[in-house]
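Now for the letters of each chain:
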Amino acid sequence: MYRPHESSAQRPLRTLRPSLGRIARGVLIALLGLPLQAEPSQAECLPDAASVVDGDSVSCTGTNTDAYTVPDTPTPINEVTVTIEEGASFNVDGPHAVSVNDLGGIVNLGTIDVGTDAGAGLLTGTGNESRIENFGDINVSGVGATGIVLGPSSETENESRVQNFGDINVSGVGATGI
């Protein structure tokens, strides 16, 4: 109990205990009221490459460290369009970041980084009537690396196309943009 004529040094410790209890309760209530922090969003491409079918549209978000390759064996999956969304990125050390087959498309609104000799940022496999549109950044490094590659065509009149409105940065001996 507080007595006006006692100094704070003379007050018994028991008068401080209720105050500490109230403080502890207040801190606990305040902590419980704070919103929990969400974990950072996970990178993903949906649908994933293992379940993609002819004609699918794939959306990639977050930071991807693995390539997205539309399957070409045993039966090629065709007419798939992969969009790397704004703010998304691929940072891979494999042969390419994103690859599609015949009649497929890749739209890059994000950032692609590939650091492998002979690596490619965006690639069309067989490339028949495929398209690549780059509005983002593509960075490739390594000997013979290429930012965008249209694969070989089995047709005499291949209507594949590349449109580049973004930046392609290359480094390494023999590296090329497109």
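Up top is the structure these notes are about.
Enquirer: Help me understand the pattern of salt bridges in this model?
Expert: A pair can form between side chains of opposite charge whenever their charged atoms are brought close. With the rule as written, the count across this model stands at two salt bridges. Of the charged contacts, one joins glutamate 133 and arginine 131 as a salt bridge, the two residues approaching to 3.9 Å between their closest N and O atoms. Residue glutamate 133 is classed as buried on the basis of its relative accessible area, which comes to 14%. Note that arginine 161 and glutamate 133 form a salt bridge whose closest N and O atoms lie 3.5 Å from each other.

Enquirer: Sorry, what's going on with the pairing of strand β5 (residues 81–84) here?
Expert: On a regular strand, one side chain projects to one face of the sheet and the next to the other, so that they alternate. Along β5, one buried face is formed by Thr81 and Thr83 and the opposite face, lined by Val82 and Ile84, is buried too. In terms of strand pairing, strand β2 (residues 57–61) meets β5 through four bridges, oriented parallel. Of the residues in β5, the one forming a bridge with cysteine 60 is isoleucine 84. Judged from the four bridges that link them, β5 and strand β8 (residues 105–108) form a sheet pairing that is parallel. The partner of threonine 81 across the bridge, within β8, is glycine 105.

Enquirer: Would you mind showing me how to read the state of the cysteines here?
Expert: Where two cysteines share a covalent bond between their sulfur atoms, that bond is called a disulfide. In this structure the tally under the stated criterion is one disulfide. Residue pairing for cysteine 45: its cysteine sulfur links by disulfide to cysteine 60, the two sulfurs lying 2.1 Å apart. Here the disulfide of cysteine 45 and cysteine 60 is right-handed, its torsion about the S-S bond being about 120°. With cysteine 45 in strand β1 (residues 44–46) and cysteine 60 in strand β2, this residue pair connects regions lying 15 residues apart in the sequence. Of the two residues, cysteine 45 and cysteine 60, neither departs from the other in class, the shared state being buried.

Enquirer: Whenever I open this one, unusual backbone geometry confuses me. Can you help?
Expert: Note: most residues except glycine have negative phi, and most peptide bonds are trans. Leucine 46 connects to proline 47 through a cis peptide bond whose omega is -5°. With omega at 0°, the peptide bond leading from threonine 73 into proline 74 counts as cis. Of note, proline 74 is situated in the loop between β4 (68–69) and β5. With a phi angle near 60°, glutamate 79 is a residue other than glycine that sits in the positive phi range. Among the secondary structure elements, glutamate 79 is positioned in the loop between β4 and β5. Residue classification places glutamate 79 among the partly exposed positions, given a relative accessible area of 46%. Positive phi, normally seen in glycine, also occurs at alanine 118, with a value near 60°. Locating alanine 118 in the fold gives a position in the loop between β9 (111–115) and β10 (120–124).

Scoring rules and cut-offs
- Residues numbered from 1 in each chain as written.
- Predicted model: local features only at pLDDT ≥ 70, side-chain atom pairs only at ≥ 80, totals over all residues.
- Heavy atoms only, no water.
- Salt bridge = Lys/Arg side-chain N within 4 Å of Asp/Glu carboxyl O.
- Buried < 20%, exposed > 50% of the residue type's maximum accessible area, 1.4 Å probe, protein only.
- Helix = DSSP H or I, 4+ residues; strand = E, 2+ residues; numbered from the N terminus.
- Pairing = 2+ DSSP bridges.
- Disulfide = S-S within 2.5 Å.

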